[in-house]
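Below are the chains, spelled out letter by letter.
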Amino acid sequence: MKKVTAAITSLHGYVPEKVLSNADLEKMVDTNDEWITTRTGIKERRIVSDGQAASDLGAEVVKGICQKRGISPEEIDVVVVGTITSDYKFPSAGNLICEKSGAINAWGFDLAAACSGFIYALTTGAQFIESGRHQKVIVIGVDIMSTIVDYTDRATCIIFGDGAGGVLLEPNSDGEGVIDYIMKNDATGKDHLIQKVGGSAEPITIDNIQENRHFIFQDGRPVFKHAVTKMADVSAEIMENNDLSSEDVAWLVPHQANLRIIDATSNRMGLTNDKVMINIEKYGNTTAATIPLCLWEWEEKLKKGDNIVLAAFGGGFTWGSMYIKWAYNS
Ligand code: UT7
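Please read these numbers as outputs of a predicted model, since none were measured by experiment.

Caption draft 1: Highlighting the pattern of salt bridges. According to the stated counting rule, one finds 13 salt bridges in the structure shown. A salt bridge links R154 to D30, with the shortest nitrogen-to-oxygen separation between them at 3.6 Å. Placement of the pair is R154 in helix α6 (residues 154-157) and D30 in the loop between α1 (22-26) and α2 (33-40), with a sequence separation of 124 residues. A salt bridge links D56 to K100, with the shortest nitrogen-to-oxygen separation between them at 2.9 Å. A residue pair is termed long-range when its members are at least 10 positions apart, and D56 in helix α3 (residues 54-69) and K100 in helix α4 (residues 93-101) qualify at 44 residues. Through salt bridges that share partners, R69, K136 and E170 make up one connected network.

See below:
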């Protein structure tokens, strides 16, 4: 009997309309377009307005995925959401997205792995298909980073943006879909990138809010140092484990945190730039949403049988890579 794999059969992305450009940031903090562009590759990001929360963006993704696949949201079995900016502590965005999108027969939940949220969620979602337990699983990466960014911290606020993207997973017996993955974490990195307040370790108080401890804290240099090596290493490792040469890889879909980290990863894999999905200049770092937003923008270029490597590194530290064989032509 052929092994059942979890193939991506539809996908969609959603970004808010409001643009926050480098010129806008120049008016908010002591920075400039030249510094941001050369240090990160980012030109602008999207920011929510009118109280849009993670579940609002996620619901748009579910609706778009179902419409493109020609199915009703009522056919979805599970919604797995990678996010660190869920609407509430509880209920989860996954729970809310099921209701808002009309996926009323699905159960949903969130999973927190910061910038690795989408690949952690995709790995998890694939298990439901491979086990034979579920037939239609939606995996979403969504983050509303503007709600936890300190817009007085120039070293951090310039990289983040808001967005959502997701994919539909269905069973496949032709060897397409999620073929392999390597997921890692190392919590000794937690002090370099963390939202300190709001959880059980440091509940919210007036004092810690006044000290801005409820915003993201990022010590950029050590994070950068670890990201550059670990994202590149894990991408090379998945190629090696699956006997993939740089010619065999059609696309690298890297987390979009910093163009210099992306370049280090693609160089290590021996890939030319035309095989690397990069949209950081338009959306910045949308945390769990960067990888599905790339897939969404590149969907028409993807061909059945393409070997695709996803790679991410983020807070935790968390990092990993996935090898996917693309299952459809659009
Ligand atoms: O999403 C996953 C996790 N996150 C990441 O992967 C992010 C990893 N880190 C980075 O991408 C980079 O560390 C940053 C983009 C966040 C910062 O870039 P950097 O090259 O590491 O800058 P730095 O923090 O080392 O600062 C270099 C200089 C400093 O000035 P001095 O001390 O050399 O005079 C900063 O004060 O640049 C200054 N600086 C700025 N200047 C203008 C820091 N932020 C800014 C700014 N505009 N926005």
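Here the narrative resumes, following the displayed structure.
Caption draft 2: Representation of the site of the ligand within the structure. The ligand sits among 23 residues. The nearest are T31, R39, R221, N258 and N285. Separating an oxygen atom of the ligand from a side-chain N or O atom of R221 is a distance of 2.3 Å. In this structure, an oxygen atom belonging to the ligand sits 2.6 Å away from a side-chain N or O atom of N285. Protein contact buries 78% of the 950 Å² of open area that the ligand shows by itself. Mapped onto the shell around the ligand, the elements with two or more residues apiece are α2, α6, α8 (220-241), α9 (259-269) and β12 (307-314). With four residues, α8 is the single largest residue contributor to the shell around the ligand. Here the shell around the ligand is built from residues that sort into ten nonpolar, eight polar and five charged.

Caption draft 3: Quick peek at the pairing of strand β1 (residues 5-14). With nine of ten residues buried, β1 is to be regarded as a mostly interior element. Sheet analysis places β1 next to strand β7 (residues 162-172), joined by nine bridges and oriented antiparallel. By the bridge assignment for β7, G13 is matched with G165.

Definitions and limits used
Residues numbered from 1 in each chain as written. Predicted model: local features only at pLDDT ≥ 70, side-chain atom pairs only at ≥ 80, totals over all residues. Heavy atoms only, no water. Salt bridge = Lys/Arg side-chain N within 4 Å of Asp/Glu carboxyl O. Helix = DSSP H or I, 4+ residues; strand = E, 2+ residues; numbered from the N terminus. Near = heavy atom within 4 Å. Polar contact = N/O pair within 3.5 Å; in protein donor to acceptor, adjacent residues only side chain to side chain. Areas by Shrake-Rupley, 256 points an atom, 1.4 Å probe, with all protein chains shown as cover. Nonpolar A, V, L, I, M, F, W, Y, C, P; charged D, E, K, R; others polar. Buried < 20%, exposed > 50% of the residue type's maximum accessible area, 1.4 Å probe, protein only. Pairing = 2+ DSSP bridges.

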